[in-house]
Amino acid sequence: MLDLSRCKFYDVIEVPILSTGSVLQEGMCLVSALESGEDTVNHSGGGVEVFAGFSINCQKSPVEIPLVEEFTIPDTAVDADRYIQLSKTTVVKNGANDHKIHIELTAGTEQTEAGAIADGSYVCSDTGKVTFHTAQKGLGITVTYKYSPTALELQATVWEGGINIDSAVVFGKIGVIKPPCIIYTSEYNPKRDWANATSIKTADDGQLDDQNGAGTAITGARVIHVPDADNPYLGIEII
């Protein structure tokens, strides 16, 4: 998903999608691939690849939405637990004890998701209950996470184009935003400390990652907005 009110781009071209690939979301990181001698694109895979741009198609609805919330960890335990409840109860999960969530203390120290509560570690449920160790009581935290929106929420909060045939499906093509550009996208790894990113890399499933990822660094890219409670999109500039 793109925040078009903040994006700035000058060149959008329509490119065929790789026959074995897929571009399911707007704002995805795209990479180039030759097929039968012709240029095509696919969502990035997080390996050695050639960055092509970002997908744009207003008829595609997001399946994951980022959100940033701020809390103070309770001083006292409730029902034997010291926890906060995220406002969204459909937190996206990568695997066991691995949700698409990043928690950082106001002082700047990152916390780690784990299977058991410990000093510096928390437990996150699929429904957004995050439980902390007593050593973190009373501390302020910033939580960045992704959740699955409901159909009703999308209708109420996310602008959608008119009901029509999706040309990307019919013709197997997608709009590609080319650099130079300023992009505010939801398609990023929320587990990273974007305030301290030294590079921006391609990642699996069309996401963006920081220098810790295994993908290919995007030449000329830098972070210009760290997701926060006022604007949960990642802002990047590519020159």
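Here's what I pulled together on the structure shown here.

Turning next to the overall build of the chain. Looking only at helices and strands, the chain has two helices and 18 strands in total. When the backbone C-alpha atoms are referred to their principal axes, the chain occupies close to 60 × 40 × 30 Å. Put simply, the chain has 239 residues, and 46% of those count as buried. Of the contacts formed within the chain by residues at least 6 apart in sequence, a portion of 65% connects residues at least 24 apart. Once the 16 positive and 32 negative side-chain charges of the chain are each reduced to a mean point, those two points are 2 Å apart.

Before going further, it helps to examine the nonpolar core. Grouped together as the largest cluster of nonpolar side chains are 39 residues, with contacts concentrated most on I101, V130 and L208. Contributing elements (two or more residues each) for this core: strand 4 (51-56), strand 9 (101-105), strand 11 (121-124), strand 12 (129-132), strand 13 (140-147), strand 14 (173-185) and strand 18 (234-238). Excluding residues that lie within four positions of it along the chain, I101 makes contacts with L86, E113, Y122, C124, V130, V143, T144, Y145, P190 and K191. Within the second largest apolar cluster, nine residues are counted, among which are M28, V41, I174 and V176.

Let us look at unusual backbone geometry. Residue P180 is reached from P179 by a cis peptide bond, and omega for that bond is 0°. Here P180 shows up in strand 14. One non-glycine residue with positive phi stands out, namely N97, at about 55°. Relative to the assigned elements, N97 resides in the loop between strand 7 (93-95) and strand 8 (98-99). Although it is not a glycine, D205 adopts a positive phi angle of roughly 60°. Topologically, D205 is positioned in the loop between strand 15 (201-202) and strand 16 (208-209). The exposure class of D205 is partly exposed, given its relative accessible area of 46%.

Once that is clear, we can look at the environment of M28. Inspection of the secondary structure assignment puts M28 in the loop between strand 1 (8-16) and strand 2 (29-35). Overall, M28 belongs to the buried group, its relative accessible area being 6%. C-alpha separation for the pair M28 and G53, spaced 25 residues apart in sequence, amounts to 8.4 Å. With sequence-adjacent residues up to four places away left out, M28 is seen in contact with V23, H43, G53, F54, S55, E187, D205 and G206.

Criteria and cut-off values
- Residues numbered from 1 in each chain as written.
- Predicted model: local features only at pLDDT ≥ 70, side-chain atom pairs only at ≥ 80, totals over all residues.
- Heavy atoms only, no water.
- Helix = DSSP H or I, 4+ residues; strand = E, 2+ residues; numbered from the N terminus.
- Buried < 20%, exposed > 50% of the residue type's maximum accessible area, 1.4 Å probe, protein only.
- Contact = heavy atoms within 4.5 Å.
- Lys, Arg positive; Asp, Glu negative; His and termini not counted.
- Charge placed at Lys NZ, Arg CZ, Asp CG, Glu CD.
- Core = buried A, V, L, I, M, F, W, Y, C linked by side-chain atoms within 4.5 Å.

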